[in-house]
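# Summary of the model geometry
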Amino acid sequence: MLVRSALLAQAEEQDLDGVATIIDLRTIAERDEMPDQACGREYLPIPIFEKVNESIDGVSHEKKEEQSLIPDMAVLYGIMMKQYADSFRRVLTAVLEHDYSKGAVLWHCSEGKDRCGMTAALVLEALGVDRDTIMEDYLKTNLVNLPKAEAIREKLQATHGQEMADGAYQAYIADEKYLRAAWEEMSNDYISGRLGIPEETLEAFRKTILE
């Protein structure tokens with residue numbers, strides 16, 4: 001019913017079996033560079049942010065002419081949850097109000113880690129899942145991303161130096177401190193307080209998914 005994914009540029013029909021709706025969290029530039037293959041599913045582009053700026057650069061994976069050093073990802077997670085709460089409200093509302101009789105809802109960004117990972121964390125929290133379990137789920141990202149991050153670091157060490165290589169590595173992995181930084185910004189009332197999601201909406205969602 002709930003599917004977290006990376007980009008779908010190479011998706012085929014069988015990859016999306018059971019999926020009714022795709023929510024694309026990427027920027028316009030990312031979507032233009034690698035368009036989703038939605039295979040006839042409902043497609044909802046709901047970007048967390050439309051344009052990368054210095055405060056959030058490193059979360060997006062738009063292609064850039066020049067590589068720059070990646071800032072502290074933990075800091076970026078806090079910024080993301082503070083500055084883009086309205087975007088997360090739109091995404092979470094789309095997930096909560098989806099018609100699950102038609103099939104699953106899938107959300108994704110480019111790597112399935114930052115914007116997508118925080119969406120998954122919010123969805124799990126909306127279901128009443130404890131944060132230790134949410135952290136465990138988030139860190140499973142590294143089953144896929146860690147080998148990729150290590151390969152990228154090794155490549156950049158030779159071409160851009162150690163500092164750039166280490167920054168890129170940190171940008172591609174899921175780290176416990178990233179999610180904890182987001183939670184510090186969110187406090188304990190983000191969904192109903194900051195996002196303003198009504199309790200009756202949350203109760204209906206839990207009933208649909210859990211029962």
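Description of the structure in this document.

This part takes up the packing of helix α2 (residues 73-83) against helix α8 (residues 176-186). Two numbers describe how α2 lies on α8: the axes approach to 8 Å, and their chain directions differ by 35 degrees. Crossing of α2 over α8 shows right-handed handedness. Between α2, through M73, A74, Y77, G78, M81 and K82, and α8, the contact on the second element is made entirely by K177, Y178, L179, A181, A182, E185 and M186. In terms of residue class, the contact of α2 with α8 is made up of nine nonpolar, one polar and three charged.

The next point concerns the sheet that holds strand β3 (residues 42-45). Two orientations exist for strands paired in a sheet by backbone hydrogen bonds: parallel and antiparallel. Read from one edge of the open sheet, four strands run β1-β4-β2-β3, paired in parallel fashion. Both edges of this open sheet fall to β1 (2-5) and β3, since each of them pairs with a single strand only. Sheet twist, expressed as the mean angle between neighbouring strand axes with direction ignored, is 20 degrees. Here β1 pairs with strand β4 (residues 104-108) via four bridges, running parallel.

This next bit is on the environment of E154. Tracing the sequence through the fold places E154 in helix α6 (residues 142-159). Residue E154 is classed as exposed on the basis of its relative accessible area of 59%. For the pair E154 and D166, spaced twelve residues apart in sequence, the C-alpha to C-alpha distance is 9.2 Å.

Cut-off values and rules
Residues numbered from 1 in each chain as written. Predicted model: local features only at pLDDT ≥ 70, side-chain atom pairs only at ≥ 80, totals over all residues. Heavy atoms only, no water. Axes fitted to C-alpha atoms, helices over the stretch in contact; angles between N-to-C directions. Helix = DSSP H or I, 4+ residues; strand = E, 2+ residues; numbered from the N terminus. Left-handed = near helix turned anticlockwise from the far one by under 90°. Contact = heavy atoms within 4.5 Å. Nonpolar A, V, L, I, M, F, W, Y, C, P; charged D, E, K, R; others polar. Pairing = 2+ DSSP bridges. Buried < 20%, exposed > 50% of the residue type's maximum accessible area, 1.4 Å probe, protein only.

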